[in-house]
Amino acid sequence: MIRVAAVGDIHVGADTAGRYRRHVTGLAGHADVLLVAGDLTRHGTVEEGRVAVEELKDAPVPVIAVLGNHDHHSDAQDEIAAMLRDAGIIVLEGDGAIVDCDGVRLGVAGGKGFGGGFPGRSAGEFGERVMKEFVRETRSFSERLRQALTEVNEAGADVTIALTHYSPIKETLAGEPLEIYPFLGSYLMAEAIDEAGADLAVHGHAHLGSEKGVTSAGTRVRNVALPVLGQAYAVYCLEPAATRA
Amino acid sequence: MTRTEDVPHYLVEHIRARVAEEAHELGVQVDVREGKVYLRGRVMSSERRRDVEEAARAAAHGHPVCNEVSVVSSREPDEGEQERLS
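On a predicted model such as this, the values are computed, not experimentally measured, just so you know.

Cut-offs used in this document
Residues numbered from 1 in each chain as written. Chains lettered and ligands numbered in written order. Predicted model: local features only at pLDDT ≥ 70, side-chain atom pairs only at ≥ 80, totals over all residues. Heavy atoms only, no water. Pairing = 2+ DSSP bridges. Helix = DSSP H or I, 4+ residues; strand = E, 2+ residues; numbered from the N terminus. Salt bridge = Lys/Arg side-chain N within 4 Å of Asp/Glu carboxyl O. Buried < 20%, exposed > 50% of the residue type's maximum accessible area, 1.4 Å probe, protein only.

Caption draft 1: Looking closely at the pairing of strand 2 (residues 36–40) of chain B. All names here are of chain B. By the bridge criterion, 5 bridges tie strand 1 (residues 29–33) to strand 2 in an arrangement that is antiparallel. Bridging across to strand 2, Arg33 finds its partner in Lys36. Taking the residues that link successive antiparallel strands as the turn, the strand 1-strand 2 hairpin has 2 residues, and the phi of Glu34 there is positive, at about 55°.

Caption draft 2: The arrangement of the sheet that holds strand 1 (residues 2–7) of chain A in detail. With mixed pairing, 6 strands are arranged side by side in an open sheet as 4(A)-3(A)-2(A)-1(A)-11(A)-6(B). On the outer flanks of this sheet lie strand 4 (90–91) of chain A together with strand 6 (83–85) of chain B, each paired with one strand and no other. Across 4 bridges, strand 1 of chain A lies against strand 2 (residues 33–37) of chain A in parallel orientation. Across the sheet, residue Val4(A) finds its bridge partner in strand 2 of chain A, namely Val33(A).

Caption draft 3: Representation of the pattern of salt bridges within the structure. By the definition in use, this model includes 20 salt bridges over all chains. Among the salt bridges present, the one from Glu54(A) reaches Lys57(A), with a minimum N-O distance of 3.2 Å. With a closest N to O distance of 2.9 Å, Arg40(B) and Glu68(B) form a salt bridge. Placement of the pair is Arg40(B) in strand 2 and Glu68(B) in the loop between strand 4 (65–67) and strand 5 (70–71), with a sequence separation of 28 residues. For Arg40(B), a relative accessible area of 32% puts it in the partly exposed group. Via salt bridges that share partners, Glu125(A), Arg136(A) and Arg139(A) belong to a single interconnected network.

Caption draft 4: Seen up close, unusual backbone geometry. All names here are of chain B. Its identity as a non-glycine residue notwithstanding, His24 has a phi of 55°, on the positive side. Take His24: it is sitting in the loop between helix 1 (8–23) and strand 1. In this structure His24 comes out as buried when scored by relative accessible area, which is 16%. The phi dihedral of His61 is positive, around 50°, even though this residue is not glycine.

Take a look at the structure:
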């Protein structure tokens, strides 16, 4: 059994510095790993990135994060990611990692992801250059996600999780206005997750959405945006593949 | 000529844009009913709740603003709230 703590959209800033820290230090004994599903900051500034590092560093469990759209707002995403990595936090950007959690090999693959919409209502790679670039961004990420999930599976992960900021399914967006679904996620990520195989998919981004959903092929999906959870983080308990009935 | 700030449809979008740009909150819902502006959603702190209201007032062209935004709880889950996925 592995206990996965997960949260997204903590949106730290100078005005909230230190407030999330106590939750991170208190994870010992309650979880084996912490996943952070993007939007660590409000404006994506380097200063806010430093606050995020202070909140998440020296955690009693491994911390694996992806960035979100807010973390890209000031074009300092590379610097923020580097600061997080310097503090020992694993930051995924279309790649994967395997961490040992008390003897269980947890494979996590992910990245920010992007939008485009869901079957029957999705954007196509057609027309203006910016429109094609929009769709290609998601298509390219989804392909990297599929590869990264395949790699962690082939490397012998006991439990595999896909971690993104944008949503792979529309069910966990329930509560958001329908009109903005294409800006909240894309089915291309779900297709990649289902094709490669994962035990769980975790995302954030949709503050007005719903926590629980499932992909078309049966992969559980959880929207862990802090406003959705209404608590500091959620904890999901997963059995390693070898011990499942 | 129509003053677009007097048209609720446009006023809503002007306020949403101001809240996004100045308070950096993208998930705040704005409604205008009978000339009154209602703000709803969830933010991380009481300071940010106030920031949202200030940004909304700056774009509300004198319409009264009713701030119904909630502050998210950050309590920690107890063991009974863990979800077992099998």
